[in-house]
Amino acid sequence: IIEYKIRLGPLMSWRVHAALVAASVAIGVGIVQQATTNTRLAGALGSGVFASLVSFVVGGLAAMVLLLARVLLAHARGRDAACTPKKEAGRAPAWLYAGGLLGAAYVTGNIFATLQVGLAISFAAIVSGQLCAAAAIDHVGLLGTPVKQFGLAKLIALLAAGTGCALFISERAADADAAAAVGYALLAFCAGALLPVQTAFNRSLAQRRFAGDALASVMVSFCVACSALGILSAVLSGIMVSEGRTIWQLGEASGWMYTGGLYGTLIVYSSLLIAPLIGFAELYLCLVVGQLVGSLVYDQFALLGLTQIDATPLRITGACLVLIAAAAFMFPGAQIADLLRKRLETDASQRKASSPDINSPLLPARPAAQRQTADPSADQTATRTLLEAEC
C-alpha cells in the first residue's frame, strides 16, 4: 500500500481523488447491502444467530482465498507474505483475540434491529454509537490509542447525533410498539459502539503478534467469530429441537442471501486499501454518507423485499444531523485550522521561491529603503488575520 501511495501521491489529481471518494461512498452502500442480505437470510433461516454464522463462514472463506492469493503473489515476487506471526513480534494476551466476539455481536445485533425498525433507524443509531465509543476510546487512550481530550466540539457533535436518532424514533411514538422500537434502536446503538473497540483490539493484536499486519488480525477475528457463533448456534439448535421446531431451513433461502459475508470481506479489504490514499477521517465520513443515504433509499423503495418505510422530511433531517455530527467529530475546528495553516505556509513558500530576489545584482539598483525586508511580525499578523477569516 505504501508503494502505491508513493507512486500515486504526486499524480493524485482531483479526478483520482474523486474516484476514490466515490468508491468509499459505494463501500458505505455496500455495508447497507450486507445488512439487508443478512437480515433476509435471518428471516429465511428463522434465526439471526444462524444468519450471522453463515455470514462469517462465507466471509472467512473469502478472506482465506484472498490471503492465499496474496501469499502466492508474494512468493512469486520473492517477498515475505507478512501474514504469519513474526519472530520479532511479541506475544499478545489472550483477551486481545476477543475482537472477533465483538464483530459477531455487532452483526447479530444489527440483524435483530433491522428486522424490527428498518435500516435507517438502525444505521443512524449505529453511527451514533460509533461516535460515542470513539470519543471514549480517544479520551482514555485505550490500548495505546493516541489520547485526544473530549472537548466542546465533540460534545456538540454527539448531541447532534442523539438529536438525529430522536427524530427517527419520534415517528414511531404513536405506534403501539414505540417502546420496542426504542429498545431495538438502543440495541443498534450498542452494536455500533462495539466497532471502535473491535478496531482497537485488532490493531493492538496486529502490532503485538503480527508485526503490524492488519489483514492477519482480521483473519483471526473472522475465525474467533465463527467459533463463537458455531457454539451458540449448536446450543440454540438443541433448544429448538427440544421444542419441536424446525432448524436450519436452508432450502427457504435464495442463493444471493448467502453473500453477506462476501460483502463484509470486500468491505474490509477495500477500506484497508483506500484509507492510506485519502486518509481515515475522509474514508469514514464517506462510509457514513453511504450508510445513511443507502439505508434511506433501501427503506423508501423496499429493496430486496424489506418492509417499505417512507423517507419523510423528519427522517431526512435526522440523517443530516447524524452526518453533520460525524463530519464535526472527524474534522474538528483545530484540525481544519491546522490544515489551513499548513496550506498558507506552503503557498507562501512557493510564492517566495518563484519571486525574483530584489537584491539581485541582475536587477536595477534600488534605494536602500526599498530593499529593507518587511517586519516579520506584520507578516504573522496578516497570516493570522487571513486564517481567521477562512476559518
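Relevant structure appears above.
In short, a report on the structure.

Okay, the overall build of the protein chain next. When its secondary structure is counted, the protein chain shows 14 helices and zero strands. Starting at the N terminus, the α and β elements of the protein chain follow one another as α-α-α-α-α-α-α-α-α-α-α-α-α-α. Counting across all 391 residues of the protein chain, residues that qualify as buried make up 40%. Taken as a whole, the protein chain presents about 20700 Å² of accessible surface, with 67% of it coming from carbon and sulfur.

Generally speaking, soluble globular proteins have nonpolar side chains that are buried together. Counting 48 residues, the largest nonpolar core has Leu41, Phe56, Tyr106, Leu119, Phe123, Leu229 and Leu283 as its most contacted members. Elements represented by at least two residues in this core include exactly helix H2 (14–45), helix H3 (48–76), helix H4 (99–117), helix H5 (119–140), helix H7 (178–209), helix H8 (214–242), helix H9 (260–278) and helix H10 (280–301). In terms of residue count, the dominant contributor to this core is H2 (nine residues). Other than its neighbours up to four places away in sequence, Phe56 contacts Gly103, Ala104, Val107, Phe222, Ala225, Cys226 and Leu229.

What follows concerns the side chain of Asn202. Note on placement: Asn202 falls in helix H7. For Asn202, a relative accessible area of 13% corresponds to the buried category. Ignoring any residue separated from it by four or fewer positions in sequence, one finds Asn202 in contact with Gly99, Ser217 and Ser221.

Another point: H10. Over its 22 residues, H10 runs 31 Å from end to end, which matches the ideal 32 Å to within 8%, given 1.5 Å per residue. Ala302 sits one or two positions beyond H10 and adopts a positive phi of about 50°.

Another point: the packing of aromatic side chains. Throughout the structure, instances matching the rule amount to two aromatic pairs. Relative to Phe222, the ring of Phe56 lies with its centre 5.9 Å away and its plane at 65°, an arrangement referred to as edge-to-face. Of this pair, Phe56 sits in helix H3 while Phe222 sits in helix H8; the two residues are 166 residues apart in sequence, bridging distant segments of the chain. Neither Phe56 nor Phe222 differs from the other in exposure class; each is buried. Centroid distance Trp95 to Phe201: 5.7 Å. Interplanar angle 75°. Geometry classified as edge-to-face. You can see Trp95 sitting in the loop between H3 and H4 and its partner Phe201 sitting in helix H7, a full 106 residues away along the chain. Judged by its relative accessible area of 44%, Trp95 falls in the partly exposed class.

On to the pattern of salt bridges. Using the criterion set out here, one finds two salt bridges in the structure. Here Lys154 ties to Asp138 by a salt bridge, and the two come within 3.8 Å at their closest N and O atoms. Here the residue Lys154 occupies a position in helix H6 (residues 152–170), and Asp138 occupies one in helix H5, the gap between them amounting to 16 residues. Residue Lys154 is classed as buried on the basis of its relative accessible area of 11%. Given the relative accessible area of 14%, Asp138 is considered buried. Ionic pairing is found between Asp299 and Arg315, a salt bridge with its closest N-O pair at 3.3 Å.

Next up on the list: empty space enclosed by the protein. Taken as a whole and assessed by the stated rule, the structure comprises one cavity of 30 Å³ or more. One number sums up the size of the largest cavity: a volume of about 60 Å³. For the largest cavity, the full set of lining residues is Ile31, Gln34, Ala35, Asn38, Tyr106, Val107, Asn110, Ile111 and Phe123. Listing elements by their share of the lining of the largest cavity, those giving two or more residues are H2 and H4. Here the lining of the largest cavity is built from residues that sort into six nonpolar, three polar and no charged.

As a further point, take the environment of Ser227. Mapped onto the secondary structure, Ser227 falls in helix H8. When the C-alpha atoms of Ser227 and Val57 are compared, they prove to be 9.5 Å apart, with 170 residues separating the residues in sequence. Of the polar contacts made by the side chain of Ser227, one reaches the backbone oxygen of Cys223; its length is 3.0 Å.

Two numbers describe how H5 lies on H6: the axes approach to 9 Å, and their chain directions differ by 160°. What the angle tells us is that H5 and H6 run roughly antiparallel. In this structure, H5 crosses over H6, and the sense of that crossing is left-handed. Packed against H5, whose contacting residues are Ala120, Ile121, Ala124, Ala125, Ser128, Leu131, Cys132, Ala135 and Asp138, the element H6 presents Lys154, Leu158, Ala161, Cys165 and Phe168 at the interface. Tallied by class, residues from the contact of H5 with H6 come to eleven nonpolar, one polar and two charged.

Turning to a nonpolar patch on the surface, a few remarks are in order. On the surface, Trp256, Val293, Val297, Phe301, Leu303 and Leu304 cluster together into a nonpolar patch covering about 500 Å² of accessible area. Mapping Val293 onto the fold places it in helix H10.

Procedures and definitions
Residues numbered from 1 in each chain as written. Predicted model: local features only at pLDDT ≥ 70, side-chain atom pairs only at ≥ 80, totals over all residues. Heavy atoms only, no water. Helix = DSSP H or I, 4+ residues; strand = E, 2+ residues; numbered from the N terminus. Buried < 20%, exposed > 50% of the residue type's maximum accessible area, 1.4 Å probe, protein only. Areas by Shrake-Rupley, 256 points an atom, 1.4 Å probe, with all protein chains shown as cover. Core = buried A, V, L, I, M, F, W, Y, C linked by side-chain atoms within 4.5 Å. Contact = heavy atoms within 4.5 Å. Expected span 1.5 Å × (residues − 1). Phe/Tyr/Trp six-rings, centres within 6.5 Å; stacked < 30°, edge-to-face > 60°. Salt bridge = Lys/Arg side-chain N within 4 Å of Asp/Glu carboxyl O. 1 Å grid on protein atoms, 1.4 Å probe; cavity = no way out; pocket = protein on both sides within 12 Å on 5 of 7 lines; lining within 4 Å. Points joined across faces, edges and corners; volume = space filled by probe spheres on them. Nonpolar A, V, L, I, M, F, W, Y, C, P; charged D, E, K, R; others polar. Polar contact = N/O pair within 3.5 Å; in protein donor to acceptor, adjacent residues only side chain to side chain. Axes fitted to C-alpha atoms, helices over the stretch in contact; angles between N-to-C directions. Parallel < 35°, antiparallel > 145°, perpendicular 65-115°, else oblique. Left-handed = near helix turned anticlockwise from the far one by under 90°. Patch = residues over 30% accessible without salt bridge, like charges linked within 9 Å, V, L, I, M, F, W, Y side chains within 5 Å.

Keep in mind these values describe shape, not function.
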